[in-house]
Amino acid sequence: MHEMSIAEGIIQVLEEQAKTQNYSRVKTVWLEIGPLAMIETEALSFCFEAVTRSTLAEGATLNIINTKGEAFCMQCLKNVPVTQRFDSCPECGSHQLQLTSGEEMRIKELEVE
Ligand SMILES: [Zn+2]
């Protein structure tokens with residue numbers, strides 16, 4: 001399950017930031033996930049709870065914010081919404097799309113003490 005390694009990656013980031021930003025407990029994590037990041041949010045929440053046990057983020061709340069996918073259409077010459085990697089343009093049906101966002105996963109905000 002790759003959500004487990006993602007959750008472990010998040011803990012690593014939290015622990016590294018704890019050193020530089022001087023906090024000892026993480027209470028809430030806001031995580032942005034694009035629709036093309038291929039992450040099961042339910043599985044991730046479950047893994048997050050498991051890997052945070054006896055870490056500085058034990059009992060922390062994980063808030064997942066689903067961001068929107070967007071691509072640039074070479075035919076329409078504008079950005080259009082996409083929900084899957086191989087979507088065609090919703091306006092002209094072209095497959096000449098370049099993804100501009102939707103694959104990212106990042107920690108947007110933390111509540112710490
Ligand atoms: Zn188009």
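Before reading on, note that the structure itself is shown above.
Attention here is on the structure that accompanies the text. Computed from a prediction, not measured in an experiment: that's the story for all the values here. (Residues numbered from 1 in each chain as written. Predicted model: local features only at pLDDT ≥ 70, side-chain atom pairs only at ≥ 80, totals over all residues.)

A few words on the pairing of strand β2 (residues 61-66). Every regular strand shows the same layout, with side chains that alternate between the two sheet faces. Summarising the sheet, strand β1 (residues 26-33) and β2 pair through 6 bridges and their orientation is parallel. Looking across to β2, one finds that Glu32 is bridged to Ile65. With helix α2 (residues 41-52) bridging β1 and the parallel β2, this β-α-β connection has right-handed handedness. (Pairing = 2+ DSSP bridges. Helix = DSSP H or I, 4+ residues; strand = E, 2+ residues; numbered from the N terminus. Right-handed = clockwise from strand over helix to strand, strands pointing away.)

Another aspect to go through is helix α1 (residues 2-21). With 20 residues, α1 should reach 28 Å at 1.5 Å per residue; the first-to-last C-alpha distance of 28 Å fits that figure. Buried within α1 we find Ile6, Ala7, Ile10 and Leu14. The buried residues of α1 all sit within an arc of 100° when viewed along its axis, so they share a single face. Opposite the buried face of α1, by more than 90 degrees, sit the exposed residues His2, Ser5, Gly9, Gln12, Glu16, Lys19 and Thr20. Against β1, α2 and β6 (105-112) lie the buried residues of α1. Note on α1: the residue one or two positions beyond its end, Asn22, has a positive phi of about 55°. (Expected span 1.5 Å × (residues − 1). Buried ≥ 20, exposed ≤ 12 C-beta atoms within 10 Å, placed from the backbone. Arc of directions from axis to C-beta. Contact = placed C-beta atoms within 7 Å.)

Taken in spatial order, the 3 strands make up an open sheet running β4-β3-β5, and their pairing is antiparallel. Only two strands of the sheet have a single partner each, and these edge strands are β4 (78-82) and β5 (97-101). Here the average twist between neighbouring strands, direction ignored, is 40°. Bridging between strand β3 (residues 69-73) and β4 involves 5 bridges; their strand directions are antiparallel. The residue of β4 that forms the bridge with Glu70 is Pro81. (Axes fitted to C-alpha atoms, helices over the stretch in contact; angles between N-to-C directions.)

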